Amino acid sequence: MVVKVGVAGYGVIGQRLADGVALQGDMELVGVADLAPTLSIRAMKEKGMPYDLYLVEGADKTKFDELDIPVAGTFNDLLDKVDIMLDSSPGGVGAKNKELYEEKGVKAVFQGGEANSIADVFFHGYANYEKGLNQNYLKLTSCNTTGLIRAVDCLDRECGGIRKVVITIIRRVADPGDYHRGLTNALQMDKAPSHQAVDLMTIMPHVEATGILVHTPVTHGHIITVVASGKKKISKEMALKAFKGHDRIRVVRIDEGFKGNASFFRYARDLGNPRGDMYEIGLWEDSIVESGDDIVFAINIPQESVTIPETVDGIRAAMGMQAERLFAVAETNKYLGIGKWK
Ligand SMILES: NC(=O)c1ccc[n+]([C@@H]2O[C@H](COP(=O)([O-])OP(=O)(O)OC[C@H]3O[C@@H](n4cnc5c(N)ncnc54)[C@H](O)[C@@H]3O)[C@@H](O)[C@H]2O)c1
């Protein structure tokens, strides 16, 4: 079965979703939809229009015509051709698009900027794949939560269960090129608990989670420190073995040169990955320490690309492509080339 997929909103996330779906051997990317001839759309035109472009309601087609950007049709035309939409429009817009999906009987996976109420299931490919099976509307966790849950779920399954986690998120405040966030040099506190800790509990209700988030004026990746309490003591060796066995976790060491968030970005560029993307979270081996019965570690979240694999898992769940979690994530990983570096 080849599942037909469309993407709404060809921005930071949407262009990466489109590329990710196009790589899947059992999916067809029918096209992408957007509102305006943004720089990402202009870059797509300059690359020779790898994907058909459809315009959402409110788009001014003359602006696309002036730039010779070919338009394949309207949003409705796209919806008529797909089984499922990946909605990566700006936060809150997906709720409006959902009315159209419902009218057309098209399934959808939404991103983290939408309210949880938009979806039947708040979804993570590794932690609750089965809950998404054959559902109509999934919402993916945010970038930080996606990476955090990968690591906590990994320990939870491999090291005898996790009872409690406390996190500190050092959050990049903007994506590269986000001029609307301003030119700043300050840190900003969020009220505790961070939504990522609360979201983790929604997906993993058996884990008590809380935490603090600090915004930082950087663009290349968040860092999260995690204090995790197991049902029984988790040693550094147990944690390291579990993390190393996970295909979407890249275990690195500071002495190798992975000094911080920027090292991952540079390494991804050196690999020739499009846009300097990395699908894996980074996990510093030298950050893993035992504190009493707790285990402490730090992870790097490449915010622009980390949700792509779990969103593709969402297609597999909603379309019932694989009934079992590990078969599904393995297919996604295979087509995205995840784990081939091991
Ligand atoms: N940027 C990140 O690091 C990141 C990480 C994880 C999740 N997310 C989530 O992904 C979603 C998209 O964020 P983004 O950063 O890619 O935004 P973005 O602003 O980069 O892209 C949004 C795109 O949607 C287009 N658009 C506007 N109105 C539209 C409509 N009615 N229908 C379809 N497209 C429309 C815009 O022109 C733009 O190209 C949000 O829910 C966000 O919270 C973002």
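Note that the coordinates shown come from a computational prediction; the quantities given were computed from them, not determined experimentally. (Residues numbered from 1 in each chain as written. Predicted model: local features only at pLDDT ≥ 70, side-chain atom pairs only at ≥ 80, totals over all residues. Heavy atoms only, no water.)

Draft legend 1. Fine view of the sheet that holds strand S5 (residues 84–87). Within the open sheet, the eight strands sit side by side as S4-S3-S2-S1-S5-S6-S8-S7. Their pairing is parallel. Here the strands that pair on one side only, and so sit at the sheet edges, are strand S4 (73–74) and strand S7 (121–123). Pairing between strand S1 (residues 3–8) and S5: four bridges, direction parallel. Residue Gly-6 lies in a different strand from S5, and its bridge partner there is Met-85. (Pairing = 2+ DSSP bridges. Helix = DSSP H or I, 4+ residues; strand = E, 2+ residues; numbered from the N terminus.)

Draft legend 2. Inspection of the domain arrangement of the protein at higher detail. Under the domain assignment used here, the protein contains domain 1 (3–141 + 307–336) and domain 2 (143–301). Using only C-alpha atoms to locate each centre, domain 1 and domain 2 end up separated by 25 Å. With both chains or domains summed, domain 1 and domain 2 bury close to 1900 Å², and 52% of this area falls on carbon and sulfur atoms. In this structure, the connection of domain 1 to domain 2 is made through five salt bridges. Of the charged contacts, one joins Arg-248 and Glu-310 as a salt bridge, the two residues approaching to 3.3 Å between their closest N and O atoms. Linking domain 1 to domain 2 there are 11 residue pairs in polar contact (both at pLDDT 80 or more). Elements with a minimum of two residues in the side of domain 1 that touches domain 2: helix H1 (12–22), S7, helix H10 (307–318) and helix H11 (325–336). Residue classes in the side of domain 1 that touches domain 2 are distributed as 11 nonpolar, nine polar and six charged. (Domains from an automatic or database assignment. Buried area = accessible area lost by both parts, 1.4 Å probe. Salt bridge = Lys/Arg side-chain N within 4 Å of Asp/Glu carboxyl O. Polar contact = N/O pair within 3.5 Å; in protein donor to acceptor, adjacent residues only side chain to side chain. Nonpolar A, V, L, I, M, F, W, Y, C, P; charged D, E, K, R; others polar.)

Draft legend 3. Region of interest: the site of the ligand. Inspection of the region around the ligand gives 21 residues, with Val-12, Ile-13, Asp-34, Gly-113 and Asp-175 positioned closest. Ile-13 has a polar backbone atom sitting 2.9 Å from an oxygen atom of the ligand. Here Asp-175 contributes a side-chain N or O atom positioned 2.6 Å from a nitrogen atom of the ligand. Burial of the ligand by the protein chains amounts to 79% of its free accessible area of 840 Å². (Near = heavy atom within 4 Å. Areas by Shrake-Rupley, 256 points an atom, 1.4 Å probe, with all protein chains shown as cover.)

Draft legend 4. Representation of the packing of aromatic side chains in the model. Counting across every chain of the model gives eight aromatic pairs. Arranged with centres 4.9 Å apart and planes meeting at 40°, the rings of Phe-258 and Phe-264 form a pair that is tilted. For Phe-258, a relative accessible area of 9% corresponds to the buried category. Given the relative accessible area of 3%, Phe-264 is considered buried. Linked through ring pairs, Phe-75, Tyr-101, Phe-110 and Tyr-137 together constitute an aromatic cluster. Just above the ring of Tyr-137 sits the side chain of Lys-98; from NZ or CZ to the centre is 4.7 Å. Between the NZ or CZ atom of Arg-250 and the centre of the ring of Trp-341, over which it lies, the distance is 4.1 Å. (Phe/Tyr/Trp six-rings, centres within 6.5 Å; stacked < 30°, edge-to-face > 60°. Buried < 20%, exposed > 50% of the residue type's maximum accessible area, 1.4 Å probe, protein only. Lys NZ or Arg CZ within 6 Å of the ring centre and 35° of its normal.)

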